[in-house]
Amino acid sequence: MFHYSLRYTQDPRTNTPIKDDKLLAFCQKAQVDNVAFFINPEELNASHLTATQTDQWLDAIRPVAKRLADQGITTSLNPWTTIMHSDRGKTIDPSIGFDTLVDINGKKATSMGCPADPKWRDYLADRYAQYATLKPKQLWLEDDFRHYNHTPLKLACFCDRHMAIYQEKLGRKISRADFVKEMLQPGEPTPARQVYLSVARQEMIDTVHQVEQRVHAVSPDTDLALMTSFPNWHALEGRDWPGLFDALRGEGHPRVARPHLPAYNEIAPLKYSRVFEDYTRTTAAYLGDDAELFPELENYMYSPFVKSVAFTQFQIETAALVGARGILLNLFDMIGNGIDNDYHYAEMLAQSKPFLDRITEQRLQMSQTRGIKVLVDQNSSFTLHTAKGADPEELLPHETNWAALLSTFGFSTTITPLVKASHFEHEMLAISGQLLRNLSDDAITQLLHGNITLLDGESVQVLLDRGLGDLLHITESSWHGVRTGYQSFEAADGHTVEGIMDPRITMLQHTGDYLQLSYADDADVAIWSHAYNEYDEQLGNVMALINHRTIVMPMNQDPKYGWESQYVGFKQGLYQAMLSSIFDIDYLIDMPNTKLIVSTQAGLTLWLANFTLDDYQQISWHPAEPVMATHATVIARHGDQVINKRVALQQVGDRVIIPMPLPHLSMIQVQID
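Quick summary incoming for the structure in this document. Residue numbers run consecutively from 1 along every chain, following the written order of its sequence. Under the rules for a predicted model, residues below a pLDDT of 70 receive no local features and side-chain atom pairs below 80 are neither given nor counted, while totals for whole chains, interfaces and linings still include all residues. With hydrogens and water excluded, all non-hydrogen atoms of the structure serve as input to the side-chain values.

Re the sheet that holds strand E31 (residues 619-622)
Note the following rule: Any two strands with at least two DSSP-identified bridges between them are counted as paired. Think of it this way: any DSSP run of H or I at least four residues long counts as a helix, any run of E at least two long counts as a strand, and we number them from the N terminus.
Pairing is antiparallel across the open sheet formed by four strands, whose spatial order is E28-E31-E35-E34. Looking at which strands have only one partner, the edges of the open sheet turn out to be strand E28 (587-588) and strand E34 (650-652). The sheet contact formed by E28 and E31 spans two bridges and is antiparallel. Residue pairing in the sheet places Leu-588 in a bridge with Trp-621 of E31.

Next comes the structure, spelled out in structure tokens:
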């Protein structure tokens with residue numbers, strides 16, 4: 001069963017019986033399973049609440065929770081503050097009196113709590129124990145539980161208490177400015193960076209453990225749950241995903257999380273496809289198949305003027321692609337207006353519920369996916385090298401670029417966290433950024449020798465820094481900045497893609513810098529494309545297949561545009577040809593911006609989602625292994641009806657045709673018999 005959890009604001013000062021009746025009617029019509037009541041949210045936020053103020057919220061929720069329970073609907077609580085999202089002109093009540101955050105520039109918050117202050121931890125544990133008296137099904141910690149994105153501050157915390165901790169661990173006195181400078185400085189990571197990340201990591205684990213002990217002493221059956229933000233930014237605060245969630249959940253409870261769904265407003269669906277990989281699927285990968293995930297659907301600032309009902313529905317349904325148990329629905333404002341039936345959300349939710357229940361009878365398990373494994377590592381901010389040392393953003397890993405690109409190209413992919421026990425053999429791996437700095441030279445050598453790998457320019461630079469260029473037969477290398485008058489375009493010389501001979505792709509706009517590489521003359525290196533200037537003069541190699549097992553795309557990412565120039569059909573065709581020449585692999589044909597996940601957990605199941613506004617009349621699939629079956633069962637939604645249709649598979653050359661349409665903004669499941 002796929003669970004709908006509605007996040008809802010009930011203002012204890014202005015709520016009315018009419019609003020309560022509308023809430024219950026909406027839940028019945030929309031098939032809502034749980035209501036997560038906000039406490040002290042957004043516009044109604046009054047900074048950190050006292051016990052008396054908190055009781056006002058709980059007393060208002062109790063009678064409505066009783067009415068919901070009578071209808072079989074459970075209640076959860078969503079307090080809107082832990083540290084506090086931002087100051088907003090607020091100050092902390094003197095009776096509470098804990099210290100506040102200080103950022104890297106020495107700017108001090110007025111309302112955002114310092115996570116190293118024992119008074120703040122005690123306060124938070126007290127409030128959560130108080131919330132637990134309601135016996136909620138789930139008790140959420142908001143995503144302000146982090147060290148960054150606390151407007152108007154930058155990265156925290158560098159208060160006097162934290163500076164004393166840092167100095168003790170370093171074994172020397174150091175000013176805030178010098179500590180930050182050392183933490184960010186280029187080259188090998190410094191002890192200052194190790195200290196900052198280790199302290200940030202552990203203090204959050206210690207905090208949730210204290211909260212867990214207090215909550216489960218009051219309400220043993222309540223699941224403690226955490227809302228998360230961007231995994232790359234969480235790396236910048238040293239987040240230990242398993243350690244944090246295991247300390248939070250307590251014995252006998254699952255890991256429960258709300259991964260970020262990256263579209264509070266409506267964005268182009270093909271753009272949503274990419275950031276869905278960066279944030280939602282990456283978070284799911286870190287938490288594992290057994291985690292209970294409830295991704296966040298938020299339509300801020302609310303109403304269909306912010307996001308169409310169709311796009312909202314598509315977000316909800318594609319949450320199944322991370323193996324979600326359900327979804328958190330932030331559909332209505334947090335000011336206390338209650339349910340607005342003119343949005344027509346109830347009808348939409350009721351349409352989707354039977355379909356979601358059906359396709360999640362056996363949830364997708366990301367670890368049981370066949371295809372390209374995109375490697376990520378929660379520890380990368382500990383090891384990566386900064387370029388200038390001028391901004392904390394230089395500590396952000398760039399490890400999900402392949403996931404976004406290859407999944408958009410229709411390849412079956414999964415995201416795989418690198419852990420101490422990781423060992424890969426005869427796999428297809430995609431590595432970007434500086435992830436290889438987390439491995440020993442021997443481990444890198446085994447990785448490249450024992451697997452098919454895709455590497456970007458940053459990954460190759462790590463090899464060069466470590467003196468491992470010989471693994472790729474590299475003899476010379478030089479970086480050329482984008483828009484510096486050197487490279488202008490890339491041409492796939494000798495290849496035809498989409499009917500175009502020697503197709504060209506820009507190296508001038510919306511792209512990163514170019515790492516020009518030369519290879520040993522007698523090496524096993526096949527060059528698939530070259531760089532050119534505006535006068536059609538060939539400058540050097542670009543795409544290369546090395547040793548019949550390593551594909552190099554020697555570019556880094558643009559700070560603003562990432563890999564945007566790579567999203568073109570010519571590159572899709574090149575990758576399909578290069579990978580197919582050395583490995584059997586699943587991908588879609590003639591279906592741009594359609595996501596494919598091939599699951600092997602119980603037979604062979606395809607999950608397909610069309611992240612475009614175009615309709616596809618059939619599915620054209622290049623399977624990694626011969627398909628012996630002659631039929632498949634397709635599960636789709638048409639209006640409020642679940643379509644369960646048996647279709648005949650058609651073998652056409654190296655592809656399998658599934659005669660089932662995939663309309664725009666839709667998802668289907670195909671079970672190969």
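A closer look at the pattern of salt bridges
Put simply, the rule reads: Any Lys or Arg side-chain nitrogen located within 4 Å of an Asp or Glu carboxyl oxygen qualifies as a salt bridge. Only protein chains enter the accessibility calculation, which uses a 1.4 Å probe; a residue whose area is less than 20% of its type maximum is buried, one above 50% is exposed, and one in between is partly exposed.
Summed over all chains, the structure comprises 35 salt bridges. The partner of Glu-625 in a salt bridge is Arg-370, with the nearest N and O atoms 3.7 Å apart. Separated by 255 residues along the polypeptide, Glu-625 in the loop between E31 and strand E32 (631-638) and Arg-370 in strand E12 (residues 369-370) bring together distant segments of the chain. A residue is classified by how much of its surface remains accessible, and Arg-370, at 16% relative accessible area, is buried. Of the charged contacts, one joins Glu-490 and Lys-571 as a salt bridge, the two residues approaching to 3.1 Å between their closest N and O atoms. A residue pair is termed long-range when its members are at least 10 positions apart, and Glu-490 in strand E18 (residues 489-491) and Lys-571 in helix H16 (residues 569-580) qualify at 81 residues. Residue Lys-571 is classed as buried on the basis of its relative accessible area, which comes to 0%. Each of the salt bridges in this network shares a partner with another, and the network as a whole consists of Arg-7, Glu-142, Asp-143, Arg-146, Arg-258, Glu-296 and Glu-298.

Some remarks on the packing of helix H3 (residues 118-131) against helix H6 (residues 191-218)
Spelled out, the test is: The axes are straight lines fitted to the C-alpha atoms, using for helices just the contacting stretch, and the angles between their N-to-C directions are given from 0 to 180°. Should an angle lie under 35 degrees it is considered roughly parallel, over 145 roughly antiparallel, and from 65 to 115 roughly perpendicular; all remaining angles are considered oblique. Left-handed describes a crossing whose near helix is turned anticlockwise from the far helix through less than a right angle; right-handed describes the clockwise counterpart. Only heavy atoms matter for contacts: two residues are in contact if any of them lie within 4.5 Å across the pair. Polar here means any residue other than Ala, Val, Leu, Ile, Met, Phe, Trp, Tyr, Cys and Pro, which are nonpolar, and Asp, Glu, Lys and Arg, which are charged; Gly is therefore polar.
One can describe the packing of H3 onto H6 by two numbers: an axis separation of 8 Å at closest approach and a directional angle of 30°. As judged from the angle between their axes, H3 and H6 are roughly parallel. For H3 against H6, the interelement crossing comes out right-handed. Contacts from Trp-120, Arg-121, Asp-122, Leu-124, Ala-125, Asp-126, Tyr-128 and Ala-129 in H3 reach Glu-203, Asp-206, Thr-207, Gln-210, Val-211, Arg-214, Val-215 and Val-218 in H6. Across the contact of H3 with H6, the residue classes tally to eight nonpolar, two polar and six charged.

Some words on the side chain of Lys-19
As a reminder of what qualifies: Counting rule for charge: Lys and Arg are taken as positive, Asp and Glu as negative, and neither His nor the chain ends is counted. For the purposes of these results, a polar contact is taken to be a pair of N or O atoms within 3.5 Å, where, inside protein, one atom must be able to donate a hydrogen and its partner to accept one; residues adjacent in sequence count only when each atom of the pair is a side-chain atom.
With respect to the helices and strands, Lys-19 occurs in helix H1 (residues 17-30). Notably, Lys-19 is buried but unbridged: the nearest opposite-charge side chain belongs to Asp-11, and the N-O separation is 6.9 Å. In this structure the side chain of Lys-19 is engaged in a polar contact, spanning 2.8 Å, whose partner is the backbone oxygen of Gly-336. If we ignore the near neighbours within four places in the chain, the residues touching Lys-19 are Tyr-8, Thr-14, Gly-336 and Asn-337.

Remarks on the nonpolar core
Convention followed: Working definition of a nonpolar core: buried Ala, Val, Leu, Ile, Met, Phe, Trp, Tyr and Cys residues. They are joined through side-chain atoms within 4.5 Å.
Counting residues in hydrophobic clusters, the biggest one holds 144 residues, and the most contacted among them are Phe-26, Trp-402 and Tyr-575. With eight residues, the single largest contributor to this core is helix H9 (residues 269-287). When near neighbours in sequence (up to four residues on either side) are disregarded, Phe-26 contacts Leu-6, Val-32, Phe-332, Ile-339, Asn-341, Tyr-345, Ala-346 and Leu-349.

Points about the pairing of strand E35 (residues 655-658)
Consecutive residues of a regular strand have side chains that alternate between opposite faces of the sheet. The pairing of E31 with E35 spans three bridges and is antiparallel. Residue pairing in the sheet places Ser-620 in a bridge with Ile-657 of E35. Bridging between E34 and E35 involves three bridges; their strand directions are antiparallel. Within E35, the residue paired with Gln-650 across the bridge is Ile-657.

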